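Examination of the molecular architecture
Here are the chains, one letter per residue:
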Amino acid sequence: MRSSGASSTGASPSAAVFASLLLLCTTSLYSQTNMKNNDHPDLTVSTEIGDQLLSYDFDSFEVGIAEYPDGPTGVTVFHFPKGAQAAIDIRGGSPGVIGDYGWVHAISLAGGSLLGLEAASGVAAGLLARNDYNASWDSIPLVSGGIIFDFGVRNNSIYPDKRLGRAALENAMPNRFPMGARGAGISATVGKTLGIDRSEPAGQGGAFRETGGIKVFACVVLNAVGAVVDRDGSVVRGHLDQGTNKRIGFMQAIEQQIAAAQANLSPPAGNTTLTVVITNQSTNRFRIEQVARQVHSAMARAIQPFQTDTDGDTLWFVSTGEVDVQAWSSAGLGAIASDVVWDAVLAAHP
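What counts and what doesn't
- Numbering of residues starts from 1 in every chain and runs along the sequence as written.
- For this predicted model, a pLDDT threshold of at least 70 governs which residues receive local features, and a threshold of 80 or more governs which side-chain atom pairs are given and counted, while totals over whole chains, interfaces and linings are taken from all residues.
- Water and hydrogen atoms were dropped before computing side-chain values, which therefore reflect all heavy atoms in the structure.
- Using a 1 Å grid laid over the protein atoms alone, points where a 1.4 Å probe fits but cannot get out form a cavity; open sets with protein on both sides within 12 Å along at least 5 of 7 lines form a pocket; any residue with an atom within 4 Å of a point counts as lining.
- Grid points are joined across faces, edges and corners, and a volume is the space filled by probe spheres set on the points.
- Residue type decides the class: Asp, Glu, Lys and Arg count as charged, Ala, Val, Leu, Ile, Met, Phe, Trp, Tyr, Cys and Pro as nonpolar, and the leftover types, Gly among them, as polar.
- The helix and strand labels rest on DSSP assignments: H or I over at least four residues marks a helix, E over at least two residues marks a strand, and numbering proceeds from the N terminus.
- pLDDT measures the predictor's confidence residue by residue and takes values from 0 up to 100.
- Contact criterion: two residues are considered in contact whenever any of their non-hydrogen atoms come within 4.5 Å of each other.
- Categorising residues by exposure relies on relative accessible area from a 1.4 Å probe, with only protein chains included: less than 20% of the type maximum marks a residue as buried, more than 50% marks it as exposed, and the intermediate range marks it as partly exposed.
- Each pair of strands is called paired provided DSSP finds at least two bridges between the two strands.
- We call a set of buried Ala, Val, Leu, Ile, Met, Phe, Trp, Tyr and Cys residues a nonpolar core when their side-chain atoms join them within 4.5 Å.
- A helix is expected to span 1.5 Å multiplied by its residue count minus one.

**A few points about the layout of surface pockets**
A volume near 260 Å³ is recorded for the largest pocket. Of the residues contributing to the lining of the largest pocket, the split by class is 8 nonpolar, 4 polar and 2 charged. The wall of the second largest pocket is formed by Gln281, Ser282, Thr283, Arg287, Val291, Asp324, Val325, Gln326, Trp328, Ser329, Ser330 and Leu333. Of all the secondary structure elements, the ones that give two or more residues to the lining of the second largest pocket are helix 5 (285–298) and helix 6 (330–346).

**Let's talk about the confidence of the model for the protein**
Confidence along the protein averages 88 in pLDDT terms, with 88% of residues attaining 70 or more. Here residues 1–33 is a poorly scored stretch, pLDDT under 50, and it has 7 contacts once near neighbours within four places are set aside; other chains count.

**Comments concerning the pairing of strand 3 (residues 73–90)**
Successive residues of a regular strand alternate their side chains across the two faces of the sheet. Of all 18 residues making up strand 3, 15 are buried, and the element is well covered by its neighbours. When strand 2 (residues 62–68) meets strand 3, the two strands line up antiparallel, connected through 7 bridges. For Gly64, the partnering residue across the bridge sits in strand 3 and is Val77. Hairpin connection, strand 2 to strand 3: the antiparallel pair is bridged by 4 residues. Direction of pairing for strand 3 relative to strand 5 (residues 103–110): antiparallel, over a ladder of 7 bridges.

**A few points about the nonpolar core**
Formed by 58 residues in total, the largest nonpolar core has its most connected members in Phe78, Leu109, Phe217 and Phe317. Those elements that provide at least two residues to this core are strand 3, strand 5, strand 12 (214–223), strand 17 (272–281), helix 5, strand 19 (314–323) and helix 6. Phe317 has contacts with Gln85, Ala86, Ala87, Val277, Thr279, Ile288, Val291, Ala292, Val295, Leu333 and Ala337, leaving out every residue within four places of it along the chain. Within the second largest apolar cluster, 19 residues are counted, among which are Ala66, Val77, Ala119 and Val143.

**Side note on helix 6**
Over its 17 residues, helix 6 runs 24 Å from end to end, which matches the ideal 24 Å to within 8%, given 1.5 Å per residue. If you check which residues of helix 6 are buried, you get Leu333, Gly334, Ile336, Ala337, Ser338, Val340, Val341, Trp342, Ala344 and Val345.

**Re unusual backbone geometry**
With the exception of glycine, most residues fall at negative phi, and the peptide bonds are largely trans. In this structure, Pro72 follows Gly71 across a cis peptide bond, with omega equal to -10 degrees. As for its placement among the helices and strands, Pro72 is situated in the loop between strand 2 and strand 3. At the junction of Gln304 and Pro305, the peptide bond is cis and its omega measures out at -10 degrees in the coordinates. With respect to the secondary-structure elements, Pro305 resides in the loop between strand 18 (303–304) and strand 19. We note that Ser113 has phi near 55 degrees; this positive angle belongs to a residue other than glycine. When you line up the elements, Ser113 lands in the loop between strand 5 and helix 2 (118–130). We classify Ser113 as buried; its relative accessible area is 19%.

If you want it as structure tokens, here you go:
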């Protein structure tokens, strides 16, 4: 049926538009179904760690990464061979976390949004195999996991799955952490509060410090909506004006928009900063939860704004419990850990 006023010799304008849209949708659908996905037989795994490595002296845990370069997306796994006490602090409105047991054998950080939680199952499967498939009550591997949304900068649906999680575990080693666009941070971005066009590539950063017998390691997978701020208060990553190559603070941007009667900041969805802090200082359940809150709150100095409704910010604070330095209070441990985490945030760039 032709629209009113249509020529007898051709389709009406509305029909022509509909035909164009149908062709566009069909082409898009064809492209989506023919690009690589997790079921593609040629999907390859990379465990290359690169040459941007943080070295440290802390044998109580191992770190491994695995990636799907076709994503690109990946997973970063922390393995605790003897197990470790752990507390999880979850902030923001969009978290994706599994496995809050108070004790962990491994932590899986992954891209792929909620789909990437499957990587934690691969880590658990790998640990089960190492234990001769012993599935008794007190032998089940305790694996916690968290994810970032990294689909926004790529045009496919590839996500870290069970295969990738297991590969990361199998390649885990002590005393070296791959930095930059690696593992879970391979497609991470930061500083999107003023719009996705003002963001910059990020990645995963790490830092280590030993003070008075206490060891503290920290890593972040930085996919924040906020921008990175250094100790002088300057924005050093994110909120970048591509035209002037200058960065702007969030409050300054708000003031400018209010002055122009345009105060309508709508940050894009799909942001999260995942943080793992590991110490050798023994602690109890109450104290480890309090320190986790203290450190996670302090991160608002380094990422601004932080823990928003479009972020799924999550922090794991882990104690391997080898030492008990009585001179250290929980508040002092939290202060040192907060400073180390700030170093890790500043190091999270490609």
